[in-house]
Amino acid sequence: MTSLDVELAHEAAHLTTSRAALAAMRTRTEELTRSDVAGDPFSAEMLARALARRLEQLLDDGTTPLFFGRLDFAAAGTPYAGETFHVGRRHVTDAAGDPLVVDWRAPVSTAFYQASALAPQGVRRRRRFGFAGGRLTSFEDEHLGSGEEAGLGSRLLTEEIERPRVGPMRDIVATIQPDQDALVRADLDTSLCIQGAPGTGKTAVGLHRAAYLLYAYRERLSRTGVLVVGPNVAFLRYIAEVLPALGEVDVLQRTITQLVDRVPVRAVDTPQALAVKGDARMAAVLAASLTSALRAPSEPLVYTETGARLRLGPSELGEITAEARASYAAGTPYSTARDRVAHRVAERFRRQVERRGGSPSDAWVTRVVRSRTMRTWLDAVWPPADPVALVARVLGDADLLARAADGILTPAEQDVIVWPEPRRRPRWTEADAVLIDEAAGLLERTPGFGHVIVDEAQDLSPMQARAIARRSPYGSLTVLGDLAQGTAASGARDWPSLLTHLDKPATVVTPLTTGYRMPAEIVEFANRLLPALAAGVAPARSVRRAPGALSVEQVRNPVTAAVALVRAAVAEPGSVALICADATTARIFRALTTAGLAAVRADQPPEESPADATPGTAGSVGAAPPVTVLPATLAKGLEFDTVVVLEPAAIVAAEPRGLNRLYVVLTRAVSRLVVLHAQSLPAALC
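Residues numbered from 1 in each chain as written. Predicted model: local features only at pLDDT ≥ 70, side-chain atom pairs only at ≥ 80, totals over all residues. Heavy atoms only, no water.

Under an unreviewed UniProt entry, the name given to the protein is AAA family ATPase, and the organism recorded is Cryptosporangium minutisporangium.

Listed below in structure tokens is the structure:
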């Protein structure tokens, strides 16, 4: 055996030892779950939940490398002098508590991502490992202390970056680059806005930032939690496995519609109505409608019980309600301010009783607050409100809307959002649900999160941004997006405006323009659209070229040509997608299945597709990987090895910001892009 073979065998033995140690850690946890727990039932339940989460975190997927790197520190000059650490997805210790694998998020692991020949950070050697199906097959060393640096010249790093994508999105812990790592490890109190060009890994950065924060600030975030907001359900399915693979199973992942889920959404707004309902001015309209119901007390309030007749005049009552109004204007929720009015009136009554020699208790005050007398009076001067009913009244009553929107919306804008006739059972739209959430926020405080990650944020309307801001009043945000990929009519045209609506106006915008996975040929083709998009963003660039990665073909029948291309593509490793204008999705899907090709539709839930698979996943064992038929409007955030795009002109013509949509579509391939067209290409691409 050569010295390299010996070293490889030594590393394989360390992997075996580490897997056995991880199994022992899980066994010890399982034993704890079966033990009797002393203490009260609540503590026992909390401990049981914590142990269940711990068991999930200790699951070992034998096909996933337990460690992917190693750091050998120099003999002197650092806190880790002379030590060696294997870096992996989770922390693994032996029976004595000594680390066999250190978590990629641990402080010592920072050097794996940040050390360089110019700044070795005490690292003498950085080792990367190659794996096949969980089996260690090779390793590669960088001797940083000698001035030699592999960087992206590393063969194993390049192979990992270019490895075919079969299935949902996977973690990138083995390939995080220094610029990405600096963002991932930003502290919890720092909000980030990442303007990321296609292929720069902004989604991965956001998800790995969530995992890092949960590791570094576990105690704080265990109370407040982390929320990930994505653009659609297909996107959430695509990213769903990343955080669990990193040992984080308690992160809430939602779309905006799911986040504001108070009413069933069964209707669609016109573009004109959507633009008005998404405008931040609607917050003022709802607030004005709510406050218009408040009345100044004009009559005395008399409270009578056995042996006592208590009275407060309009002046004193007006003082109390005016104070509550000021509190509400300063941000106190409407319902809280209403409760304060009741309690302060009751306290004034208590003072009257005390002046007469009585000593009423807190229970007496509560009884007054809950009395019919108080409820009747309070309903007249500070009526109770319901968020659904409030929005229904505003949209269903043209006169009420006109009063609330006076000086805020134009008459024409009011006309496009008011219901043409009163509705006993409204058919709510997504924009209506956001308005209801805004109304709910006026009435009561919305539970918040310690950190919120928002992907594809450029498509948020101002009202949607306010919904997210309500869920992060004291926490921080990671805002991810690309203005060039903005397709929503009411979406952001610049970051400062959106960050203001998110209530984080001081957040610094950080650009990511270097792509590590998408070939330069594809990136440069898509970049031709940027001047026409006028998004004011820097063009993306790629660090690698791949001859043959781009093919643009004018054909007589794009559907027939696509079937032939897909048939050849699914025979190769990796995921395949066929992206077309939404209106042609069903026809394309039928053409593929008629030709005998396994296919799924991304616009249908997995159980409704003939093949039981999520976008990009393989079907039954032994079957060829299916192609995903993807409507252009659902392409955002997804990636596939091979992408076939049908009729770019039809995609552009389908919506007002069609060129932006096409830019999204053209940047979904990470290995090969084929564009098929019978119609002329948009001028910007020629």
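Further notes follow.
Undergrad: Sorry, what's going on with the overall build of the protein here?
TA: The number of helices and strands found in the protein is 28 helices and 22 strands. Taken across its 686 residues, the protein has 53% of its residues classed as buried. Restricting to contacts in the protein with at least 6 residues of sequence separation, those with at least 24 account for 74%. Accessible surface, the protein as shown: approximately 30400 Å² in total, 53% of it carbon and sulfur. (Helix = DSSP H or I, 4+ residues; strand = E, 2+ residues; numbered from the N terminus. Buried < 20%, exposed > 50% of the residue type's maximum accessible area, 1.4 Å probe, protein only. Contact = heavy atoms within 4.5 Å. Areas by Shrake-Rupley, 256 points an atom, 1.4 Å probe, with all protein chains shown as cover.)

Undergrad: Just checking my understanding: could you explain the environment of Val563 for this structure?
TA: With respect to the helices and strands, Val563 occurs in helix H25 (residues 558-569). Residues Val563 and Leu592 lie 29 residues apart in sequence; the distance between their C-alpha atoms is 6.0 Å. In contact with Val563, not counting residues within four places along its chain, are Ala591, Leu592, Ala595 and Leu597.

Undergrad: Sorry if this is basic, but what is going on with the layout of surface pockets here?
TA: Where empty space is left in the structure can be found by rolling a water-sized probe over the atoms. Put simply, the largest pocket is a space of about 1500 Å³. Around the largest pocket, the lining is made up of 47 residues, and of these Pro231, Thr257, Leu274, Glu430 and Gln464 lie nearest the centre. Taken together, the residues that form the lining of the largest pocket break down as 22 nonpolar, 13 polar and 12 charged. (1 Å grid on protein atoms, 1.4 Å probe; cavity = no way out; pocket = protein on both sides within 12 Å on 5 of 7 lines; lining within 4 Å. Points joined across faces, edges and corners; volume = space filled by probe spheres on them. Nonpolar A, V, L, I, M, F, W, Y, C, P; charged D, E, K, R; others polar.)

Undergrad: How should I be thinking about empty space enclosed by the protein in this particular structure?
TA: Evaluated as defined, the whole model comprises 2 cavities of 30 Å³ or more. Taken together, Thr203, Gly206, Leu207, Val228, Phe235, Ile239, Ile453, Asp455 and Leu480 form the lining of the second largest cavity. Elements supplying a minimum of two residues to the lining of the second largest cavity: helix H6 (202-216) and helix H8 (233-239). Here the lining of the second largest cavity gets 3 residues from one element, more than from any other, and that element is H6. Looking at side-chain class alone, the lining of the second largest cavity contains 6 nonpolar, 2 polar and 1 charged residues.

Undergrad: In this structure, what is going on with the pairing of strand E9 (residues 252-255)? I would like to understand it.
TA: On any regular strand, side chains alternate: one points to one face of the sheet, the next to the other face. Of the two faces of E9, only one is covered, namely that formed by Gln253 and Thr255; the face formed by Leu252 and Arg254 stays uncovered. Two strands pair when backbone bridges link them, and strand E8 (residues 226-230) and E9 are joined in this way by 4 bridges, in the parallel orientation. Within E9, the residue paired with Leu227 across the bridge is Leu252. (Pairing = 2+ DSSP bridges.)

Undergrad: Mind showing me how you'd approach the confidence of the model for the protein here?
TA: In regions of low pLDDT, the predicted coordinates are not meant to be interpreted in detail. Taken as a whole, the protein shows an average pLDDT of 89; of its residues, 90% reach a score of 70 or greater. Per-element averaging of pLDDT across the protein places helix H2 (residues 41-57) at the bottom with 60 and helix H21 (residues 462-470) at the top with 98. Ignoring residues within four places in sequence, the model shows residues 608-624, a span with pLDDT below 50, making 34 contacts including any to other chains. (pLDDT = per-residue confidence, 0-100.)

Undergrad: Sorry if this is basic, but what is going on with the packing of H25 against helix H26 (residues 585-594) here?
TA: What describes two packed helices is the angle between their axes and the distance between those same axes. Interhelical geometry of H25 versus H26 gives an angle of 50 degrees and a closest axis separation of 10 Å. Considering their axes alone, H25 and H26 lie oblique with respect to each other. Considering the relative orientation of H25 and H26, their crossing is right-handed. Every residue of H26 that contacts H25 at Val559, Val563 and Val566 is listed here: Arg587, Ile588, Ala591 and Leu592. Residues of the contact of H25 with H26, tallied by class, amount to 6 nonpolar, no polar and 1 charged. (Axes fitted to C-alpha atoms, helices over the stretch in contact; angles between N-to-C directions. Parallel < 35°, antiparallel > 145°, perpendicular 65-115°, else oblique. Left-handed = near helix turned anticlockwise from the far one by under 90°.)

Undergrad: I keep staring at the sheet that holds strand E7 (residues 192-196) and nothing clicks. Help me out?
TA: Strand pairs in the sheet, formed through backbone hydrogen bonds, run parallel or antiparallel to each other. Across the sheet, 6 strands lie side by side as E9-E8-E12-E13-E7-E14; this open sheet has parallel pairing. Only two strands of the sheet have a single neighbouring strand rather than two, namely E9 and strand E14 (509-512). Along the sheet, successive strands turn relative to each other by an average axial angle of 20 degrees, direction set aside. On the sheet, H6 packs against E7, E8, strand E12 (451-454), strand E13 (476-481) and E14 and is oriented at approximately 160 degrees with respect to E13.

Undergrad: How should the packing of aromatic side chains be read in this particular structure?
TA: Within a pair of aromatic rings, the relevant descriptors are the distance that separates the centres and the angle that separates the planes. Under the counting rule described, the total for this entry stands at 12 aromatic pairs. Centre to centre, the rings of Tyr80 and Phe85 are 5.7 Å apart; their planes meet at 85 degrees, and the pair counts as edge-to-face. The interplanar angle of 80 degrees and the centroid separation of 5.8 Å between the aromatic rings of Tyr328 and Tyr334 together place this pair among those described as edge-to-face. As far as the burial class goes, Tyr328 and Tyr334 line up, both buried. Members of the aromatic cluster, each reached through a chain of ring pairs, are Phe67, Phe129 and Phe131. A cation over an aromatic ring shows up here: Arg127 above the ring of Phe139, its NZ or CZ 4.2 Å from the ring centre. Stacked on the ring of Phe589, the Lys or Arg Arg601 has its end atom at 5.9 Å from the ring centre. (Phe/Tyr/Trp six-rings, centres within 6.5 Å; stacked < 30°, edge-to-face > 60°. Lys NZ or Arg CZ within 6 Å of the ring centre and 35° of its normal.)

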